[in-house]
Amino acid sequence: MKGELRVGNYKDAELKYAKQGIDTENALKKLGDKPISINCWQGDDVAGFDSPENDVVDGLRATGNYPGKARNFAELTADFDKACELIPGKKRLNLHASYAVFEPGERVSRDRIEYRHFAPWAGYAKKRGIGLDFNPTCFGHSNVRDGLTLSSPDQHIQQFWIGHCIQSRRIADAIGRELSDVVLCNVWIPDGFKDIPADRIGPRLRLKSALDRIFEQPLENVVDCVESKLFGVGLESCTVGSLEFYLGYASRRKGVYCLLDNGHFHPTETVSDKISSLLCFFDKLPLHITRPVRWDSDHVPLFDDETRDICKEIVRCGALDKALIGLDFFDASINRIAAWVLGTRSVHKSLLYALLQPDDKLVELQDAGDFTQKLVRMEEMKTLPFGDVWNEYCARNNVPYDGEWMSEIVKYEQNVLRKRG
Ligand code: RNT
Ligand code: ZN
(Lines give C-alpha, C1' and ligand atoms only; values in the text may rest on other atoms or scores of the structure.)
(Ligands and ions follow the chains in the order given, each with its own letter.)
Protein backbone atom coordinates (compact mmCIF):
# COMPACT_ATOMS: atom_id res chain seq x y z
CA MET A 1 0.00 0.00 0.00
CA LYS A 2 2.73 2.38 1.09
CA GLY A 3 4.75 1.46 -2.00
CA GLU A 4 1.84 2.08 -4.37
CA LEU A 5 1.27 5.47 -2.84
CA ARG A 6 4.90 6.40 -3.45
CA VAL A 7 4.74 5.28 -7.09
CA GLY A 8 1.72 7.53 -7.55
CA ASN A 9 3.66 10.37 -6.02
CA TYR A 10 6.58 9.82 -8.37
CA LYS A 11 4.36 9.87 -11.47
CA ASP A 12 2.91 13.15 -10.30
CA ALA A 13 6.35 14.57 -9.58
CA GLU A 14 7.60 13.41 -12.98
CA LEU A 15 4.82 15.41 -14.64
CA LYS A 16 5.44 18.49 -12.55
CA TYR A 17 9.14 18.47 -13.38
CA ALA A 18 8.37 17.77 -17.06
CA LYS A 19 6.30 20.95 -17.12
CA GLN A 20 9.49 22.79 -16.20
CA GLY A 21 11.31 21.04 -19.02
CA ILE A 22 13.11 18.64 -16.66
CA ASP A 23 13.42 14.92 -17.33
CA THR A 24 13.41 13.09 -13.98
CA GLU A 25 14.26 9.74 -15.60
CA ASN A 26 17.39 11.24 -17.08
CA ALA A 27 18.33 12.66 -13.67
CA LEU A 28 17.82 9.30 -11.96
CA LYS A 29 19.95 7.57 -14.57
CA LYS A 30 22.81 10.06 -14.27
CA LEU A 31 22.76 9.87 -10.49
CA GLY A 32 22.87 6.09 -10.62
CA ASP A 33 26.04 6.21 -12.70
CA LYS A 34 27.97 8.56 -10.42
CA PRO A 35 30.12 6.95 -7.71
CA ILE A 36 30.79 8.68 -4.41
CA SER A 37 33.95 7.82 -2.54
CA ILE A 38 33.07 7.24 1.10
CA ASN A 39 35.76 7.94 3.69
CA CYS A 40 36.68 4.86 5.71
CA TRP A 41 37.88 7.07 8.57
CA GLN A 42 34.37 8.03 9.72
CA GLY A 43 34.09 4.45 10.94
CA ASP A 44 36.78 4.72 13.64
CA ASP A 45 37.45 8.43 14.25
CA VAL A 46 40.53 8.44 11.95
CA ALA A 47 42.29 6.04 14.33
CA GLY A 48 43.59 3.53 11.77
CA PHE A 49 45.14 0.18 12.58
CA ASP A 50 48.82 1.09 12.95
CA SER A 51 48.69 2.48 16.50
CA PRO A 52 50.16 3.17 19.03
CA GLU A 53 52.14 5.51 16.79
CA ASN A 54 48.98 7.22 15.68
CA ASP A 55 48.11 8.19 19.24
CA VAL A 56 50.14 11.31 18.66
CA VAL A 57 47.85 14.32 18.75
CA ASP A 58 48.59 16.72 15.92
CA GLY A 59 45.50 18.64 15.01
CA LEU A 60 43.44 16.06 13.14
CA ARG A 61 41.21 14.72 15.86
CA ALA A 62 37.63 13.57 15.99
CA THR A 63 35.71 14.75 19.03
CA GLY A 64 33.18 12.65 20.92
CA ASN A 65 33.10 9.31 22.60
CA TYR A 66 30.18 7.41 21.10
CA PRO A 67 30.39 3.74 22.03
CA GLY A 68 31.12 0.87 19.65
CA LYS A 69 33.78 2.20 17.31
CA ALA A 70 35.36 -0.28 14.90
CA ARG A 71 38.78 -1.51 16.11
CA ASN A 72 40.01 -3.65 13.25
CA PHE A 73 39.48 -4.71 9.65
CA ALA A 74 36.65 -7.15 10.46
CA GLU A 75 34.68 -4.60 12.47
CA LEU A 76 35.26 -1.71 10.11
CA THR A 77 34.19 -3.69 7.05
CA ALA A 78 31.14 -5.10 8.88
CA ASP A 79 30.09 -1.57 9.82
CA PHE A 80 30.70 -0.31 6.30
CA ASP A 81 28.60 -3.16 4.89
CA LYS A 82 25.77 -2.13 7.21
CA ALA A 83 26.04 1.48 6.03
CA CYS A 84 26.08 0.39 2.37
CA GLU A 85 22.78 -1.45 2.81
CA LEU A 86 21.22 1.91 3.56
CA ILE A 87 22.97 4.09 0.98
CA PRO A 88 21.74 4.15 -2.62
CA GLY A 89 23.98 4.44 -5.66
CA LYS A 90 27.51 3.57 -6.70
CA LYS A 91 30.13 3.50 -4.00
CA ARG A 92 33.86 3.72 -3.65
CA LEU A 93 35.72 3.33 -0.38
CA ASN A 94 38.40 5.87 0.43
CA LEU A 95 41.28 4.35 2.44
CA HIS A 96 44.17 5.83 4.38
CA ALA A 97 47.59 4.21 4.57
CA SER A 98 47.12 3.92 8.35
CA TYR A 99 44.52 1.20 7.64
CA ALA A 100 47.16 -1.34 6.64
CA VAL A 101 46.12 -4.84 7.70
CA PHE A 102 49.11 -6.46 9.40
CA GLU A 103 49.60 -10.09 10.32
CA PRO A 104 49.25 -10.72 14.06
CA GLY A 105 52.36 -9.36 15.76
CA GLU A 106 53.62 -7.70 12.56
CA ARG A 107 54.55 -4.00 12.61
CA VAL A 108 55.76 -2.24 9.50
CA SER A 109 56.98 1.33 9.45
CA ARG A 110 54.89 3.63 7.27
CA ASP A 111 57.70 4.12 4.78
CA ARG A 112 57.88 0.36 4.25
CA ILE A 113 54.23 -0.58 3.79
CA GLU A 114 53.37 -2.56 0.69
CA TYR A 115 50.42 -3.68 -1.38
CA ARG A 116 50.16 -6.94 0.53
CA HIS A 117 49.04 -4.98 3.61
CA PHE A 118 46.09 -3.74 1.61
CA ALA A 119 45.30 -6.92 -0.29
CA PRO A 120 42.46 -7.68 2.16
CA TRP A 121 40.89 -4.33 1.27
CA ALA A 122 41.25 -5.02 -2.44
CA GLY A 123 39.64 -8.43 -1.94
CA TYR A 124 36.82 -6.85 0.03
CA ALA A 125 36.20 -4.21 -2.66
CA LYS A 126 36.35 -6.76 -5.45
CA LYS A 127 33.76 -8.97 -3.81
CA ARG A 128 31.38 -6.06 -3.45
CA GLY A 129 32.10 -4.54 -6.84
CA ILE A 130 33.18 -1.19 -5.45
CA GLY A 131 36.23 0.95 -6.24
CA LEU A 132 38.90 2.08 -3.80
CA ASP A 133 40.79 5.33 -3.35
CA PHE A 134 43.94 5.80 -1.30
CA ASN A 135 45.74 8.39 0.81
CA PRO A 136 49.19 8.50 2.38
CA THR A 137 48.78 9.17 6.12
CA CYS A 138 51.17 12.01 7.00
CA PHE A 139 49.74 12.72 10.43
CA GLY A 140 49.14 11.06 13.81
CA HIS A 141 52.71 9.80 13.91
CA SER A 142 55.83 10.56 15.91
CA ASN A 143 57.71 11.49 12.74
CA VAL A 144 55.58 14.61 12.36
CA ARG A 145 58.45 16.75 13.69
CA ASP A 146 57.72 20.29 14.93
CA GLY A 147 54.50 20.12 12.92
CA LEU A 148 56.29 19.31 9.66
CA THR A 149 56.51 16.29 7.36
CA LEU A 150 57.45 16.77 3.70
CA SER A 151 58.61 20.32 4.37
CA SER A 152 60.77 19.45 7.37
CA PRO A 153 64.31 20.86 7.47
CA ASP A 154 65.37 17.57 9.07
CA GLN A 155 66.39 15.47 6.09
CA HIS A 156 65.76 12.21 7.88
CA ILE A 157 62.16 13.23 8.65
CA GLN A 158 61.54 14.59 5.17
CA GLN A 159 62.94 11.42 3.63
CA PHE A 160 60.71 9.24 5.83
CA TRP A 161 57.58 10.99 4.54
CA ILE A 162 58.77 11.02 0.94
CA GLY A 163 59.28 7.26 1.28
CA HIS A 164 55.80 6.89 2.75
CA CYS A 165 54.18 8.85 -0.09
CA ILE A 166 56.10 6.89 -2.73
CA GLN A 167 55.00 3.59 -1.17
CA SER A 168 51.43 4.90 -0.96
CA ARG A 169 51.38 5.70 -4.67
CA ARG A 170 52.72 2.25 -5.47
CA ILE A 171 50.04 0.66 -3.32
CA ALA A 172 47.36 2.76 -5.01
CA ASP A 173 48.69 1.62 -8.38
CA ALA A 174 48.65 -2.03 -7.35
CA ILE A 175 45.08 -1.70 -6.05
CA GLY A 176 44.09 -0.14 -9.37
CA ARG A 177 45.70 -3.02 -11.25
CA GLU A 178 43.96 -5.56 -9.06
CA LEU A 179 40.54 -3.93 -9.51
CA SER A 180 41.07 -2.88 -13.17
CA ASP A 181 40.37 0.65 -12.05
CA VAL A 182 42.01 4.00 -11.53
CA VAL A 183 42.66 4.96 -7.92
CA LEU A 184 42.73 8.54 -6.64
CA CYS A 185 45.81 9.08 -4.47
CA ASN A 186 45.56 12.25 -2.40
CA VAL A 187 48.47 13.85 -0.56
CA TRP A 188 47.46 15.98 2.38
CA ILE A 189 50.07 17.06 4.91
CA PRO A 190 49.52 18.95 8.17
CA ASP A 191 52.64 21.09 7.77
CA GLY A 192 52.39 24.59 9.14
CA PHE A 193 53.09 27.00 11.96
CA LYS A 194 51.13 28.00 15.00
CA ASP A 195 52.84 31.34 15.28
CA ILE A 196 54.39 33.79 12.86
CA PRO A 197 57.08 31.92 10.91
CA ALA A 198 60.44 33.54 10.29
CA ASP A 199 60.73 31.65 7.03
CA ARG A 200 57.83 30.74 4.79
CA ILE A 201 59.66 30.14 1.55
CA GLY A 202 62.12 27.58 2.95
CA PRO A 203 59.38 25.08 3.92
CA ARG A 204 57.54 25.69 0.65
CA LEU A 205 60.64 25.10 -1.46
CA ARG A 206 61.33 21.91 0.50
CA LEU A 207 57.75 20.77 -0.08
CA LYS A 208 58.14 21.47 -3.80
CA SER A 209 61.26 19.35 -4.09
CA ALA A 210 59.70 16.57 -1.99
CA LEU A 211 56.68 16.47 -4.32
CA ASP A 212 58.97 16.32 -7.34
CA ARG A 213 60.49 13.17 -5.92
CA ILE A 214 57.17 11.65 -4.94
CA PHE A 215 55.62 12.15 -8.38
CA GLU A 216 58.74 11.25 -10.35
CA GLN A 217 57.48 7.89 -11.50
CA PRO A 218 54.34 8.00 -13.66
CA LEU A 219 51.88 5.28 -12.60
CA GLU A 220 49.22 3.94 -14.89
CA ASN A 221 46.44 3.22 -12.42
CA VAL A 222 46.72 6.33 -10.29
CA VAL A 223 45.27 9.82 -10.44
CA ASP A 224 47.44 12.00 -8.19
CA CYS A 225 46.22 15.00 -6.28
CA VAL A 226 47.30 17.41 -3.57
CA GLU A 227 44.93 18.91 -0.99
CA SER A 228 45.39 22.51 0.08
CA LYS A 229 44.33 24.16 3.30
CA LEU A 230 44.18 27.67 4.69
CA PHE A 231 44.49 26.98 8.41
CA GLY A 232 44.21 24.33 11.07
CA VAL A 233 44.27 23.90 14.83
CA GLY A 234 47.88 24.60 15.76
CA LEU A 235 48.55 25.97 12.27
CA GLU A 236 46.86 29.30 12.66
CA SER A 237 49.63 31.43 11.20
CA CYS A 238 50.78 29.52 8.13
CA THR A 239 49.94 26.36 6.22
CA VAL A 240 52.78 25.29 3.94
CA GLY A 241 50.50 23.54 1.42
CA SER A 242 48.28 26.53 0.69
CA LEU A 243 45.92 26.82 -2.28
CA GLU A 244 48.30 29.11 -4.17
CA PHE A 245 51.18 26.71 -3.60
CA TYR A 246 49.34 23.65 -4.86
CA LEU A 247 47.59 25.47 -7.71
CA GLY A 248 50.99 26.57 -8.92
CA TYR A 249 52.39 23.09 -8.49
CA ALA A 250 49.53 21.25 -10.17
CA SER A 251 49.35 23.64 -13.09
CA ARG A 252 53.00 22.93 -13.90
CA ARG A 253 53.03 19.23 -13.22
CA LYS A 254 51.00 17.18 -15.65
CA GLY A 255 48.94 14.46 -14.01
CA VAL A 256 48.78 16.11 -10.58
CA TYR A 257 45.45 17.67 -9.65
CA CYS A 258 44.24 20.03 -6.92
CA LEU A 259 41.77 18.59 -4.45
CA LEU A 260 39.34 21.09 -2.91
CA ASP A 261 37.98 20.37 0.57
CA ASN A 262 35.19 22.78 1.47
CA GLY A 263 36.39 22.99 5.08
CA HIS A 264 39.74 24.40 4.02
CA PHE A 265 38.91 27.98 3.14
CA HIS A 266 37.99 31.22 4.80
CA PRO A 267 34.36 30.90 5.92
CA THR A 268 33.18 33.55 3.44
CA GLU A 269 34.77 31.72 0.50
CA THR A 270 32.89 28.88 -1.14
CA VAL A 271 34.14 25.85 -3.04
CA SER A 272 31.02 26.09 -5.21
CA ASP A 273 32.50 29.28 -6.66
CA LYS A 274 35.93 27.73 -7.20
CA ILE A 275 34.84 24.67 -9.17
CA SER A 276 34.31 26.44 -12.50
CA SER A 277 37.67 28.23 -12.22
CA LEU A 278 39.57 24.99 -11.79
CA LEU A 279 37.62 23.34 -14.59
CA CYS A 280 38.97 25.98 -17.00
CA PHE A 281 42.44 24.48 -16.50
CA PHE A 282 42.09 20.90 -15.27
CA ASP A 283 40.26 17.90 -16.73
CA LYS A 284 39.74 16.37 -13.29
CA LEU A 285 38.57 17.91 -10.06
CA PRO A 286 38.84 15.84 -6.89
CA LEU A 287 36.68 17.06 -4.01
CA HIS A 288 36.26 16.44 -0.31
CA ILE A 289 32.71 17.25 0.65
CA THR A 290 32.40 18.02 4.34
CA ARG A 291 30.47 20.38 6.63
CA PRO A 292 32.64 22.96 8.31
CA VAL A 293 30.83 24.50 11.28
CA ARG A 294 32.61 27.84 11.85
CA TRP A 295 35.92 26.12 11.12
CA ASP A 296 37.24 22.93 9.50
CA SER A 297 35.21 20.83 11.93
CA ASP A 298 34.39 17.93 9.58
CA HIS A 299 30.76 17.56 10.66
CA VAL A 300 28.51 15.18 8.72
CA PRO A 301 27.41 16.68 5.35
CA LEU A 302 23.73 17.61 5.15
CA PHE A 303 21.31 18.51 2.39
CA ASP A 304 22.26 22.15 2.93
CA ASP A 305 22.86 25.19 0.76
CA GLU A 306 26.59 24.76 0.12
CA THR A 307 26.39 21.01 -0.50
CA ARG A 308 23.63 21.64 -3.04
CA ASP A 309 25.56 24.55 -4.56
CA ILE A 310 28.70 22.42 -4.99
CA CYS A 311 26.59 19.75 -6.72
CA LYS A 312 24.79 22.34 -8.84
CA GLU A 313 28.11 23.67 -10.09
CA ILE A 314 29.34 20.18 -10.94
CA VAL A 315 26.18 19.56 -12.97
CA ARG A 316 25.97 23.02 -14.59
CA CYS A 317 29.60 22.79 -15.68
CA GLY A 318 28.91 19.43 -17.30
CA ALA A 319 31.53 18.01 -14.96
CA LEU A 320 29.88 14.91 -13.53
CA ASP A 321 32.68 12.81 -15.00
CA LYS A 322 35.45 15.24 -14.13
CA ALA A 323 34.49 15.77 -10.50
CA LEU A 324 35.82 12.94 -8.34
CA ILE A 325 33.52 13.27 -5.36
CA GLY A 326 34.92 12.11 -2.05
CA LEU A 327 33.62 12.67 1.45
CA ASP A 328 35.63 13.85 4.43
CA PHE A 329 34.02 13.94 7.84
CA PHE A 330 34.53 12.34 11.23
CA ASP A 331 32.08 12.81 14.03
CA ALA A 332 32.67 10.62 17.09
CA SER A 333 29.76 12.06 19.06
CA ILE A 334 26.99 10.24 17.15
CA ASN A 335 26.47 6.71 15.86
CA ARG A 336 29.26 6.38 13.29
CA ILE A 337 27.26 4.25 10.87
CA ALA A 338 24.36 6.70 10.96
CA ALA A 339 26.92 9.42 10.21
CA TRP A 340 28.11 7.51 7.12
CA VAL A 341 24.57 6.95 5.93
CA LEU A 342 23.34 10.47 6.59
CA GLY A 343 26.41 12.12 5.08
CA THR A 344 26.45 10.02 1.94
CA ARG A 345 22.69 10.13 1.39
CA SER A 346 22.84 13.92 1.76
CA VAL A 347 25.40 14.20 -1.01
CA HIS A 348 23.42 11.87 -3.29
CA LYS A 349 20.33 13.91 -2.52
CA SER A 350 22.13 17.15 -3.31
CA LEU A 351 23.34 15.71 -6.61
CA LEU A 352 19.82 14.64 -7.53
CA TYR A 353 18.55 18.09 -6.61
CA ALA A 354 21.20 19.60 -8.87
CA LEU A 355 20.22 17.29 -11.72
CA LEU A 356 16.63 18.54 -11.45
CA GLN A 357 17.31 22.21 -12.15
CA PRO A 358 16.33 23.98 -15.41
CA ASP A 359 19.96 24.91 -16.11
CA ASP A 360 19.59 25.71 -19.83
CA LYS A 361 16.69 28.03 -19.17
CA LEU A 362 18.54 29.75 -16.32
CA VAL A 363 21.62 30.34 -18.48
CA GLU A 364 19.40 31.75 -21.22
CA LEU A 365 17.86 34.20 -18.76
CA GLN A 366 21.28 35.19 -17.39
CA ASP A 367 22.70 35.75 -20.85
CA ALA A 368 19.67 37.82 -21.81
CA GLY A 369 20.31 39.96 -18.76
CA ASP A 370 16.99 38.98 -17.23
CA PHE A 371 18.28 38.55 -13.71
CA THR A 372 14.84 39.06 -12.19
CA GLN A 373 13.26 36.05 -13.89
CA LYS A 374 16.40 34.01 -13.33
CA LEU A 375 16.21 34.61 -9.59
CA VAL A 376 12.46 33.97 -9.38
CA ARG A 377 12.77 30.75 -11.36
CA MET A 378 15.68 29.53 -9.24
CA GLU A 379 13.77 30.19 -6.05
CA GLU A 380 10.53 28.57 -7.21
CA MET A 381 12.28 25.31 -8.05
CA LYS A 382 12.55 24.76 -4.31
CA THR A 383 8.89 23.89 -3.84
CA LEU A 384 8.68 21.21 -6.54
CA PRO A 385 8.06 17.68 -5.18
CA PHE A 386 11.73 16.78 -4.95
CA GLY A 387 11.18 14.31 -2.08
CA ASP A 388 9.07 12.07 -4.30
CA VAL A 389 11.85 11.77 -6.87
CA TRP A 390 14.33 11.03 -4.07
CA ASN A 391 12.05 8.31 -2.70
CA GLU A 392 11.84 6.81 -6.17
CA TYR A 393 15.63 6.71 -6.33
CA CYS A 394 15.79 4.92 -2.97
CA ALA A 395 13.12 2.43 -4.05
CA ARG A 396 14.89 1.61 -7.31
CA ASN A 397 18.12 1.08 -5.36
CA ASN A 398 16.44 -1.15 -2.80
CA VAL A 399 17.34 1.04 0.14
CA PRO A 400 14.92 2.42 2.74
CA TYR A 401 13.25 5.81 2.35
CA ASP A 402 14.10 8.75 4.58
CA GLY A 403 12.47 8.10 7.93
CA GLU A 404 12.87 4.35 7.56
CA TRP A 405 16.60 3.59 7.78
CA MET A 406 17.52 4.73 11.27
CA SER A 407 15.65 1.86 12.91
CA GLU A 408 18.05 -0.54 11.13
CA ILE A 409 20.98 1.23 12.73
CA VAL A 410 19.38 1.24 16.16
CA LYS A 411 19.05 -2.55 15.86
CA TYR A 412 22.67 -2.93 14.73
CA GLU A 413 23.80 -0.73 17.60
CA GLN A 414 22.00 -2.94 20.10
CA ASN A 415 23.08 -6.23 18.58
CA VAL A 416 26.63 -5.41 17.52
CA LEU A 417 28.11 -2.06 18.56
CA ARG A 418 27.05 -2.16 22.22
CA LYS A 419 28.68 -5.57 22.57
CA ARG A 420 32.12 -4.26 21.61
CA GLY A 421 34.51 -3.76 24.53
C1 RNT B 1 42.62 17.35 6.75
C2 RNT B 1 42.21 16.95 5.37
C3 RNT B 1 42.36 15.50 5.05
C4 RNT B 1 41.91 14.57 6.16
C5 RNT B 1 41.75 13.13 5.72
C6 RNT B 1 41.69 12.22 6.89
O7 RNT B 1 42.33 18.64 7.05
O8 RNT B 1 40.92 17.39 5.12
O9 RNT B 1 41.70 15.23 3.87
O10 RNT B 1 40.70 14.98 6.72
O11 RNT B 1 42.71 12.79 4.81
ZN1 ZN C 1 39.98 16.69 3.29
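Conventions we followed
Residues numbered from 1 in each chain as written. Chains lettered and ligands numbered in written order. Predicted model: local features only at pLDDT ≥ 70, side-chain atom pairs only at ≥ 80, totals over all residues. Heavy atoms only, no water. Core = buried A, V, L, I, M, F, W, Y, C linked by side-chain atoms within 4.5 Å. Buried < 20%, exposed > 50% of the residue type's maximum accessible area, 1.4 Å probe, protein only. Helix = DSSP H or I, 4+ residues; strand = E, 2+ residues; numbered from the N terminus. Contact = heavy atoms within 4.5 Å. Donors = N, O, S within 2.8 Å, 3.2 Å for Na, K, Ca; no water. Tetrahedral: all angles 85-135°; square planar, octahedral: opposite > 155°, others 65-115°. Near = heavy atom within 4 Å. Polar contact = N/O pair within 3.5 Å; in protein donor to acceptor, adjacent residues only side chain to side chain. Nonpolar A, V, L, I, M, F, W, Y, C, P; charged D, E, K, R; others polar.

**Student:** Explain the nonpolar core to me, using residue names and the numbers behind them.
**Tutor:** Ranked by size, the top nonpolar core spans 125 residues in total, and within it Trp121, Leu150 and Leu211 carry the most contacts. With 11 residues, the single largest contributor to this core is helix α10 (residues 336-355). Setting aside residues up to four positions removed in sequence, Leu150 forms contacts with Gln158, Trp161, Ile162, Cys165, Val187, Ile189, Asp191, Arg206, Leu207, Ala210, Leu211 and Ile214.

**Student:** Talk me through the coordination of the zinc ion (ligand 2); I want residue IDs and the actual numbers.
**Tutor:** Six octahedral donors around a metal ideally subtend angles of 90 or 180 degrees, whereas four tetrahedral donors ideally subtend 109.5 degrees. Taken together, the protein ligands of the zinc ion (ligand 2) are Glu227 (OE), Asp261 (OD), His288 (ND1) and Asp328 (OD), with distances of 2.1 to 2.2 Å. The site at the zinc ion (ligand 2) holds six donor atoms, and with the angles between them running 71 to 166°, its shape is octahedral. Mapped onto the sequence, the donors of the zinc ion (ligand 2) take the spacing E-x33-D-x26-H-x39-D. One end of the pair, Glu227, is in strand β6 (residues 222-227); the other, Asp261, is in strand β8 (residues 256-261), and 34 residues separate them in sequence. Of the two residues, Glu227 and Asp261, neither departs from the other in class, the shared state being buried.

**Student:** Please provide a residue-by-residue account of the site of ligand 1, values included.
**Tutor:** In the vicinity of ligand 1, the residues found are Trp41, Leu60, His96, Trp188, Glu227, Lys229, Asp261, His264, His288, Asp296, Asp328 and Phe330. A distance of 2.8 Å is found between an oxygen atom of ligand 1 and a side-chain nitrogen or oxygen belonging to Asp328. Counted by class, the shell around ligand 1 contains four nonpolar, three polar and five charged residues.

Take it as geometry only, folks, not as evidence of what the structure does.
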